[in-house]
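Structure assessment
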Amino acid sequence: MEPLFKVMAVYYAAVNILLFALMGIDKVRAKRGQWRIREATLAAVSLLGGGVGGFAGMRLFHHKTKKWYFYAVFAIGIILHVIIVRCAVTKI
């Protein structure tokens, strides 16, 4: 396995776990009426490659499901990074 592929796999696993956790933390804080994670932060992590974790967090925690733009941002993040990975893999 190529070193670049290993680095990319670890990166995508980490960023998706991070966004999944942030969605869960934000949901708990919302229920408790506490300080929340900014929507811009959630969107930014998605665009950094965490779209799958974002969708999983939406589904499991039932969080941000009524906000259409989260579906769009998570989908854009996934598409963007599929293209990036595809380009990286074809050059290996």
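The following paragraphs examine the structure supplied in this document. (Residues numbered from 1 in each chain as written. Predicted model: local features only at pLDDT ≥ 70, side-chain atom pairs only at ≥ 80, totals over all residues. Heavy atoms only, no water.)

In this section: unusual backbone geometry. A positive phi angle is found at H62, which is not glycine, with a value near 50°. One non-glycine residue, K64, adopts positive backbone phi at about 65°. Along the chain, K64 falls in the loop between α2 (39-61) and α3 (68-91). (Helix = DSSP H or I, 4+ residues; strand = E, 2+ residues; numbered from the N terminus.)

On to α2. Counted at 1.5 Å a residue, the expected span for α2 with its 23 residues is 33 Å, but the 16 Å between its end C-alpha atoms falls short. Maximal helix bending in α2 amounts to about 125°, located at G50. Turning to α2, its buried residues number three or more, namely L42, A43, V45, S46, G49, G50, G51, G53, G54, G57 and M58. The secondary structure elements touched by the buried residues of α2 are α1 (3-32) and α3. H62 occupies a position one or two residues after α2 and carries a positive phi of about 50°. (Expected span 1.5 Å × (residues − 1). Bend = angle between axes of the 7 residues up to and from the residue. Buried < 20%, exposed > 50% of the residue type's maximum accessible area, 1.4 Å probe, protein only. Contact = heavy atoms within 4.5 Å.)

Using the criterion set out here, one finds seven aromatic pairs in the structure. With centroids separated by 5.2 Å and ring planes inclined at 75°, the aromatic side chains of Y11 and Y12 adopt a geometry described as edge-to-face. Between F55 and F74 the ring centres are 5.5 Å apart and the planes differ by 80°, which places this aromatic pair in the edge-to-face class. Of this pair, F55 sits in helix α2 while F74 sits in helix α3, and the two are 19 residues apart along the sequence. Given the relative accessible area of 0%, F74 is considered buried. By way of ring pairs, the aromatic residues F55, W68, Y69, F70, Y71 and F74 are connected into one cluster. (Phe/Tyr/Trp six-rings, centres within 6.5 Å; stacked < 30°, edge-to-face > 60°.)

So, about the pattern of salt bridges. All told, the structure shown has four salt bridges when counted by the stated rule. A salt bridge links K67 to E39, with the shortest nitrogen-to-oxygen separation between them at 2.6 Å. Within this pair, whereas K67 is found in the loop between α2 and α3, its partner E39 is found in helix α2, the two being separated by 28 residues in sequence. Residue K67 is classed as partly exposed on the basis of its relative accessible area, which comes to 30%. Through salt bridges with shared partners, a single network forms among D26, R36, E39, K64 and K67. (Salt bridge = Lys/Arg side-chain N within 4 Å of Asp/Glu carboxyl O.)

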